[in-house]
Amino acid sequence: MEENKIMSPQIKGLLIALIVIILGIAGYFTDLGFSTWFNWVVNAIMFAAIIIACVHYANQKQNYVTFGNVFLHGFKITAVITIIVLVYTLLAFTVLFPEMKEKIFEMQRIKMEESGIDDDKLEQATTMMKKYFMLFLVLGVIFGTLIWGCIASLIGAAVAKKKPINPLTQQGGM
């Protein structure tokens, strides 16, 4: 019986993270990255890719997996995606596209002005946003990616076909 080489969660996570980053860069250059619907599409693609990766893992193991095995595989993928996307995001906002931060501040200022916030509160909110921007950015990337990834891993583990594993046959038929 030929044994399949299992693609590691690190490789799958790297590939999915690269797709997310490429979509993010494309969104930035087309100005779509600042629209809410585009961010939802990117998250949906990541979500679907994690589910597909979980099902692929079960198929590579000929479906001799448990819910926990598949979920753990998906969570490892999510952890890799989170780390890579976090590093990219920090580099993007500090080195690659530092003007992106100012665009976001300006867009938020316009939204607040349109909602009728007075100038004093507008200035306070802007100051607060600038002061804690990187903290909120880091926490948003970490928790947002982990939450979406955990949900996708749960769904992937639930939909992956599973064959019952007999522990006696795995130990040489004792």
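In what follows, the accompanying structure is described. Model, not experiment: these values are computed from the prediction. (Residues numbered from 1 in each chain as written. Predicted model: local features only at pLDDT ≥ 70, side-chain atom pairs only at ≥ 80, totals over all residues. Heavy atoms only, no water.)

### Examining helix H1 (residues 9-29)
Step number 1: End to end, H1 covers 30 Å across 21 residues, agreeing with the expected 30 Å (1.5 Å per residue, within 8%).
Step number 2: Looking only at H1, the buried set comprises Pro9, Lys12, Gly13, Ile16, Ala17, Val20, Ile21, Gly27 and Tyr28. Relative to the axis of H1, the buried residues are bounded by an arc of 165 degrees and lie together on one face. More than 90 degrees from the buried face of H1, the exposed residues found are Ile22 and Phe29.
Step number 3: Directly beyond the C-terminal end of H1, a positive phi value near 65 degrees is found at aspartate 31. (Helix = DSSP H or I, 4+ residues; strand = E, 2+ residues; numbered from the N terminus. Expected span 1.5 Å × (residues − 1). Buried < 20%, exposed > 50% of the residue type's maximum accessible area, 1.4 Å probe, protein only. Arc of directions from axis to C-beta.)

### Concerning the pattern of salt bridges
Step number 1: The final tally for this structure, using the stated rule, is two salt bridges.
Step number 2: Lysine 103 is paired through a salt bridge with aspartate 31; the nearest N and O atoms lie 3.6 Å apart. Remark: aspartate 31 occurs in the loop between H1 and helix H2 (36-60) and lysine 103 occurs in helix H4 (residues 99-114); sequence separation between them is 72 residues.
Step number 3: The class for aspartate 31 is partly exposed, based on a relative accessible area of 48%.
Step number 4: Note that arginine 109 is salt-bridged to glutamate 123, the shortest N-O span being 3.5 Å. Pair noted here: arginine 109 is in helix H4 and glutamate 123 is in helix H5 (residues 119-159), with a separation of 14 residues, a long-range link.
Step number 5: For glutamate 123, a relative accessible area of 40% gives the class partly exposed. (Salt bridge = Lys/Arg side-chain N within 4 Å of Asp/Glu carboxyl O.)

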